[in-house]
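# Coordinate inspection notes
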Amino acid sequence: MIAFLLLGALALVGAVVTVAARNAVHAALGLVGTLLSVAGLFASLSASFLAAVQVIVYAGAILVLFLFVIMLLNAHQPVTGRDPVPFVRELAGIGGVILAGALAVIAFSYRDPQPLAQGTAALRGGTAGAVGETLLTRFLLPFEAVSVLLLVAIVGAVALVRRPAPQPDGVTDAEGVALPGELPERTAPEGGVRA
Amino acid sequence: MLTPPDVALAPLLPILLVLAGAVSSTVLGFHLPRRTLTAINLVLLLLSAAAMALLWSGPGELPATAFGGSLRADNAAVLLGLTIVAGSMMALLVSLDTAYRARLSFPEFDAMLMYAVTGTLLIAFSGDLIVMLIGLEVMSLASYVLATLQDSRRAEESGLKYFLLGSVGSAVLIYGLALVYGATGSLSYGGIAAATAGLTPGNLGLLVGGALLLLAGFGFKVALAPFHQWTPDVYSGAPTTVSLFLSTVVKVAAFAGMLRVFGGALQNAPFWASALQLLIAATLIVGNAASLFQTNFKRMLAYSAVAHTGFLAMALLGTPGLGGAALGYYLLVYTLMTGAALAIVAALQRTEAGMNISDLRGLYHRHPGYAVALAACLASLAGLPPFAGFFGKYLAFQAAFQNGYVWLSILAVLASVAALVYYLRPAMLLFMPDRTPAREYPHGQRPATNLTVALGVAAITVLGLLPNLWYGWLADPAIWELLAGR
């Protein structure tokens, strides 16, 4: 219980730093704190495999990528712009407090739809075996469908970075074939081109 | 102890055929020209439709399922899937004529489109929330890329807006999904429906919160006000072929997800219907009022898509039996009429910004076929009786009215009267005397677009005169009452 409270508080502190920091590097480091605390929460719930994956994938790989991008894009200067929407901080603060209160009420009135013993038995100490077995039996279709999702992300990213050359289609005649280098609407006067 | 997974090929076949098209477009794009790949994809879509038709289960038959109920090839999935395939084929056919002008004629365009269709079919065939979510994400990611794929500032702006707001929508949706799982302890539609069947389900606050977050997330995807802000910018900024795809297929799939979740899994859950009612009222007012003031025809069609979201979502307020049938009918009709109208815009526009409404003046004297077809589409969108749009609107209003949403139905009728103004103004301009110089794109042959427009207009006319050709398949309430499974 003490471990849970401590880790929960650390996760909250990290989350607040992530949102409030004006420097992108500080925000990313706050996120590391949150992710590590959440990994600790998983470990305290005896989901050891999940905790390890959380540290390796999120805190390790993804956060390093974040930091790389922040450094490469020179985004580590503090943000100095002003919010165009007035009172957005105050409103967000009030909304957050109300939401936290509502979630606290819900948490204390929560009744687990599954008996706790059943869940613990299914977890089998949170080893990789139990996770893998569930993934490849009960969640086989989502597991395979996620691979399509990743494929879409890869193909889409490559297609956007290196846009291929358009292939002539044989139905546009000679005058139409000459593709303008830029879309005509940016050079044509307003009101369209007279024929 | 190890139970082998319940793998069955037949219910998965329609999705696998489309996925095969997507993967082959990705890989064979290095060896084959793009138009050949498009033809292959069209054939695969037809095969997928045939595979779906074979999955139709007659009265008394149990629907085919696989993966322990994660995949449900029931009649609702078949009907929604056929609508999705119809819209995708329209988009592919139109792209045959216009993709080069839009600088989209490369294999990756086909690949992303087919990936998006794979995701949409996964939503229609989903049996639990996880599969639905992954289908939605596959569809959304592919749509973001499609909207950005053209190498222009307009498309990049539209794609970035779509990506940022769509990601927020997805995040909200996932949060809602987690809360619903926490409240009911089940991810499958059937399990959630069973857990919420009692009058006072446990964890009511969590369930209501989750349902409302799901509603907001889906609201982003189908463009319900106040979550519609991205719609006009994305639809008018993306190339017209992509707008056609986004405003028909993607919207049909998001509605299929809503139908599964709200009409199936959460049909007994409280409170979401009242919230949906308010969202629909806002959508009807905002969509129709904004359409009245548009000067660009493509942007007007984008706002009309928002307004139609309101009309379509009214069917969700009906009882599952009646509302599901109304939504199924209206979705096909909406796909056909919006697809045909945007196909005409894609064929005639000079630039991807579309055409101004004033440019339509006298189109009848320059392109009589297109003008008559466009007038038919606009009349159908407005809901005038000889066309199918009338029957779709009537069914949706009837479903909401009979379930006690009287004031919303009255508002919808008033909104569709206002809609007459902005649909019929361009329709009248088409037949005005031609005094201005032609503003259409003058070059090229458009056989595939002509075919698409002809089929679309013929279909909305025939379905308007003989609605039972499609409604007869949908009318059985049992199809829509079993959305969540037994």
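Residues numbered from 1 in each chain as written. Chains lettered and ligands numbered in written order. Predicted model: local features only at pLDDT ≥ 70, side-chain atom pairs only at ≥ 80, totals over all residues. Heavy atoms only, no water.

## Thoughts on the overall build of chain A
Within chain A one finds eight helices and zero strands. Order of helices (α) and strands (β) in chain A, N terminus to C terminus: α-α-α-α-α-α-α-α. Among the 195 residues that make up chain A, the fraction classed as buried is 19%. Put simply, 56% of the contacts in chain A that link residues at least 6 apart link residues at least 24 apart. Counting only carbon and sulfur atoms, one obtains 74% of the accessible surface of chain A, whose full area is about 13,200 Å². (Helix = DSSP H or I, 4+ residues; strand = E, 2+ residues; numbered from the N terminus. Buried < 20%, exposed > 50% of the residue type's maximum accessible area, 1.4 Å probe, protein only. Contact = heavy atoms within 4.5 Å. Areas by Shrake-Rupley, 256 points an atom, 1.4 Å probe, with all protein chains shown as cover.)

## Points about a nonpolar patch on the surface
Taken together, the side chains of A:Val64, A:Leu65, A:Phe66, A:Phe68, A:Val69, A:Leu72 and A:Leu73 make up a nonpolar region of the molecular surface, amounting to roughly 740 Å² of accessible area. Inspection of the secondary structure puts A:Phe68 in helix H3 (residues 48-72). (Patch = residues over 30% accessible without salt bridge, like charges linked within 9 Å, V, L, I, M, F, W, Y side chains within 5 Å. Salt bridge = Lys/Arg side-chain N within 4 Å of Asp/Glu carboxyl O.)

## Brief notes about the interface of chain A and chain B
On the chain B side, the residues contacting the 52 residues of chain A number 64 residues. Together chain A and chain B conceal approximately 4,900 Å² of surface at their shared face, both sides included; 67% is due to carbon and sulfur atoms. Taken together, chain A and chain B are joined by two salt bridges. B:Asp151 serves as the salt-bridge partner of A:Arg163, at 3.3 Å between the closest nitrogen and oxygen. Where chain A meets chain B, there are seven residue pairs in polar contact (both at pLDDT 80 or more). Elements with a contribution of two residues or more to the side of chain A that touches chain B: helix H4 (88-108), helix H6 (128-136), helix H7 (140-161) and helix H8 (174-177) of chain A. With 14 residues, H7(A) is the single largest residue contributor to the side of chain A that touches chain B. Looking at side-chain class alone, the side of chain A that touches chain B contains 31 nonpolar, nine polar and twelve charged residues. (Buried area = accessible area lost by both parts, 1.4 Å probe. Polar contact = N/O pair within 3.5 Å; in protein donor to acceptor, adjacent residues only side chain to side chain. Nonpolar A, V, L, I, M, F, W, Y, C, P; charged D, E, K, R; others polar.)

## Thoughts on the packing of helix H12 (residues 297-314) of chain B against helix H16 (residues 388-402) of chain B
Residue and element names in this part refer to chain B. At their nearest, the axes of H12 and H16 sit 7 Å apart, and the two run at 50° to each other. Relative to H16, the element H12 lies oblique. Taking contact as the criterion, the partners of His308, Phe311 and Met314 in H12 are, on H16, Lys393, Ala396, Phe397 and Ala400. Residues of the contact of H12 with H16, tallied by class, amount to five nonpolar, one polar and one charged. (Axes fitted to C-alpha atoms, helices over the stretch in contact; angles between N-to-C directions. Parallel < 35°, antiparallel > 145°, perpendicular 65-115°, else oblique.)

## Description of the packing of aromatic side chains
All names here are of chain B. The full count for this structure, using the stated rule, is 16 aromatic pairs over all chains. Summarising the aromatic geometry, the rings of Tyr162 and Trp230 are spaced 4.9 Å apart at their centres and angled 20° between planes, so their arrangement reads as stacked. Taken together, the residues Tyr162 in helix H6 (residues 153-184) and Trp230 in helix H9 (residues 230-237) connect sequence positions 68 residues apart. A single burial state applies to Tyr162 and to Trp230, both of which are buried. Residues Phe391 and Tyr471 carry aromatic rings whose centres are separated by 6.0 Å and whose planes lie at 90° to one another, so their mutual orientation is edge-to-face. (Phe/Tyr/Trp six-rings, centres within 6.5 Å; stacked < 30°, edge-to-face > 60°.)

## A look at the pattern of salt bridges
For the structure shown, the criterion picks out eight salt bridges over all chains. A salt bridge links B:Glu156 to A:Arg163, with the shortest nitrogen-to-oxygen separation between them at 3.3 Å. Residue B:Glu156 is located in helix H6, and its partner A:Arg163 is located in the loop between H7 and H8; the two belong to separate chains. Look at B:Glu156 and you get partly exposed, because its relative accessible area is 32%.

## Considering the confidence of the model for chain B
In the predicted model, chain B carries a mean pLDDT of 90, and the fraction of residues at 70 or more is 98%. Two summary scores accompany this predicted model of the complex, namely pTM at 0.91 and ipTM at 0.90. (pLDDT = per-residue confidence, 0-100.)

## With respect to the packing of helix H3 (residues 75-98) of chain B against helix H10 (residues 240-265) of chain B
Residues and elements named next belong to chain B. The geometry of H3 relative to H10 is characterised by a closest axis approach of 9 Å and an angle of 170° between their N-to-C directions. Relative to H10, H3 is oriented roughly antiparallel. Two secondary-structure elements touch here, H3 through Ala77, Leu80, Thr83, Ile84, Gly87, Ser88, Met90, Ala91, Val94, Ser95 and Thr98 and H10 through Thr241, Leu244, Phe245, Val249, Val252, Ala253, Ala256, Leu259 and Arg260.

## Observations regarding the confidence of the model for chain A
Residue and element names in this part refer to chain A. Per-residue pLDDT for chain A has a mean of 80; in total, 85% of the residues score no lower than 70. Taking the mean pLDDT of every element in chain A, the minimum, 48, falls on H8 and the maximum, 93, on H7. Considering only residues more than four positions removed or in separate chains, one finds that residues 174-195, a stretch of pLDDT under 50, has 31 contacts.

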